[in-house]
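In case you want the letters, here they are:
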Amino acid sequence: MTGAVTNQTFRTAIVPAAGLGTRFLPTTKAVPKELLPVVDTPGIELVAAEAAQSGAKRLVIVTSPGKESVVDYFRSAPELEQTLERKGKTDLLDKVRRGPGLLDVEVAIQHQALGLGHAVAQAEPNLTDEDTSVAVLLPDDLVLPTGVLDRMAQVRARYGGSVLCAFDIPKRDISAYGVFDVADTDDEDVKRVHGMVEKPAPEDAPSTFAAAGRYLLDRVIFDALRRITPGSGGELQLTDAVALLIEEGHPVHVVVHRGGRHDLGNPAGFLKAAVDFALEHPDYGPGLRAWLAERLGGTSRA
């Protein structure tokens, strides 16, 4: 945490959470995807905890009409807390209070699904003059272990501009990602970005460094979002705004994260995350590990 304080360059984190969660239908008819539990903790809380751990004081959740429960999750529940306290269920009480105690949560509404760039732009009225930069965390991405925002803040403190997170992806898999055109710096895991190519063929990819769902963006990103033109479907893309800033000489770097990642945006990825987190859980891990060994060994069909 010392590094986070020393290199702190942002106080507000933005989490775009306005999507319909169509890949999780029919569940998401009633329950926002961001509130689905990874074991016993919603993905949105895991992302909020990551932002708070890196020094954020405020979280702006960009959501759509009808998904207010995502923000309500971070409000206190006095009656439930009193009931748990009265019954002596202190462990559960701590869990219930954990989310609301992380940081101050505000809401911004995206009335039309017009792209990630448009979603981020909706948070601008929530900012103050102190917000010279903002962190953007995509709730579908769990970047493990946490702490990449600390490293990104250090890079911004050194170079200025904006900093993004990247993973080094095997070239055979690169066509599923947005790929950075980069130049080396004196740090192997910090690259200067010259451009970006969306979903290139492996032979056309400018590098093997692919975008992940973490951004530390200079405040000028909002001016760039006002100046880009919509792409297909009338959507404003955040990467187009970053590309515009690069063209105009704004320094952009990526931090190559050597850890792991879970994609909560689809059921298969969500299941992997749940199993991974459950295996590390002191209560559920041992039993799950034993059951998986039996199940995968073909001795159990339960």
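Model, not experiment: these values are computed from the prediction.

### Quick word on the overall build of the protein chain
Per the secondary structure count, the protein chain includes eleven helices and 13 strands. In terms of overall dimensions, the protein chain is globule-like: its C-alpha atoms have a radius of gyration of 20 Å, near the 19 Å expected for 302 residues. Projected onto the principal axes, the alpha-carbon positions of the protein chain cover approximately 60 × 50 × 45 Å. Burial status across the protein chain gives 46% buried among its 302 residues. With an accessible surface of roughly 14800 Å², the protein chain has 52% of that area assigned to carbon and sulfur atoms. Mean positive and mean negative side-chain charge positions of the protein chain (32 and 42 charges, respectively) differ by 4 Å.

### Description of the environment of methionine 196
Tracing the chain through its elements places methionine 196 in strand S10 (residues 190–198). With relative accessibility at 29%, the residue methionine 196 sits in the partly exposed group. Along the backbone, methionine 196 and histidine 250 are 54 residues apart, and their C-alpha atoms lie at a distance of 14 Å. Setting aside its immediate chain neighbours within four residues, methionine 196 contacts Gly178, Val179, Phe180, Asp181, Ala211 and Thr239.

### Some details on the UniProt feature "domain: Nucleotidyl transferase" (unreviewed entry) in the protein chain
In this numbering, the UniProt entry assigns the feature "domain: Nucleotidyl transferase" (unreviewed entry) to residues 13–276. The distance from the first to the last C-alpha atom of residues 13–276 is 26 Å, and the span holds 30% helix and 27% strand.

### Some remarks on unusual backbone geometry
Cis rather than trans, the peptide bond between leucine 25 and proline 26 has omega equal to 10°. Secondary-structure assignment places proline 26 in the loop between strand S1 (12–16) and strand S2 (37–38). A positive phi angle, near 65°, is found at valine 39, a position not held by glycine. The topology assignment puts valine 39 in the loop between S2 and strand S3 (41–42).

### Concerning the nonpolar core
Leu59, Ile61, Leu137 and Met152 are the most contacted members of the largest nonpolar core, which totals 45 residues. Setting aside its immediate chain neighbours within four residues, isoleucine 61 contacts Val15, Ala17, Ile44, Val70, Val71, Phe74, Val105, Glu106, Val107 and Ala108. Counting 34 residues, the second largest nonpolar core, distinct from the first, contains Ala108, Leu127, Ile221 and Leu238.

### Focus on the packing of helix H10 (residues 267–279) against helix H11 (residues 285–296)
What describes two packed helices is the angle between their axes and the distance between those same axes. Packing of H10 against H11 brings their axes to within 7 Å, and their N-to-C directions diverge by 120°. Our classification of the angle between H10 and H11 gives oblique. Facing H10, whose interface residues are Val275, Ala278 and Leu279, H11 presents Gly285, Leu288, Arg289 and Leu292. Class assignment of the residues belonging to the contact of H10 with H11 gives a composition of five nonpolar, one polar and one charged.

### Points about the packing of aromatic side chains
By the definition in use, this model includes two aromatic pairs. Between tyrosine 73 and phenylalanine 74 the ring centres are 5.3 Å apart and the planes differ by 90°, which places this aromatic pair in the edge-to-face class. On the basis of relative accessible area, tyrosine 73 is assigned to the partly exposed category, the value being 27%.

### Let's talk about the pattern of salt bridges
All chains considered together, the criterion is met by 22 salt bridges. Taking the shortest distance from any N to any O, the salt bridge between aspartate 186 and arginine 158 comes out at 2.8 Å. Here the residue aspartate 186 occupies a position in the loop between strand S9 (178–184) and S10, and arginine 158 occupies one in helix H7 (residues 148–159), the gap between them amounting to 28 residues. When sorted by exposure, aspartate 186 lands in the same class as arginine 158, which is exposed.

Reading guide: rules and limits
- Residues numbered from 1 in each chain as written.
- Predicted model: local features only at pLDDT ≥ 70, side-chain atom pairs only at ≥ 80, totals over all residues.
- Heavy atoms only, no water.
- Helix = DSSP H or I, 4+ residues; strand = E, 2+ residues; numbered from the N terminus.
- Rg over C-alpha atoms; globule rule 2.2 N^0.38 Å.
- Buried < 20%, exposed > 50% of the residue type's maximum accessible area, 1.4 Å probe, protein only.
- Areas by Shrake-Rupley, 256 points an atom, 1.4 Å probe, with all protein chains shown as cover.
- Lys, Arg positive; Asp, Glu negative; His and termini not counted.
- Charge placed at Lys NZ, Arg CZ, Asp CG, Glu CD.
- Contact = heavy atoms within 4.5 Å.
- UniProt positions renumbered as here; feature names shortened; annotations may be inferred.
- Core = buried A, V, L, I, M, F, W, Y, C linked by side-chain atoms within 4.5 Å.
- Axes fitted to C-alpha atoms, helices over the stretch in contact; angles between N-to-C directions.
- Parallel < 35°, antiparallel > 145°, perpendicular 65-115°, else oblique.
- Nonpolar A, V, L, I, M, F, W, Y, C, P; charged D, E, K, R; others polar.
- Phe/Tyr/Trp six-rings, centres within 6.5 Å; stacked < 30°, edge-to-face > 60°.
- Salt bridge = Lys/Arg side-chain N within 4 Å of Asp/Glu carboxyl O.

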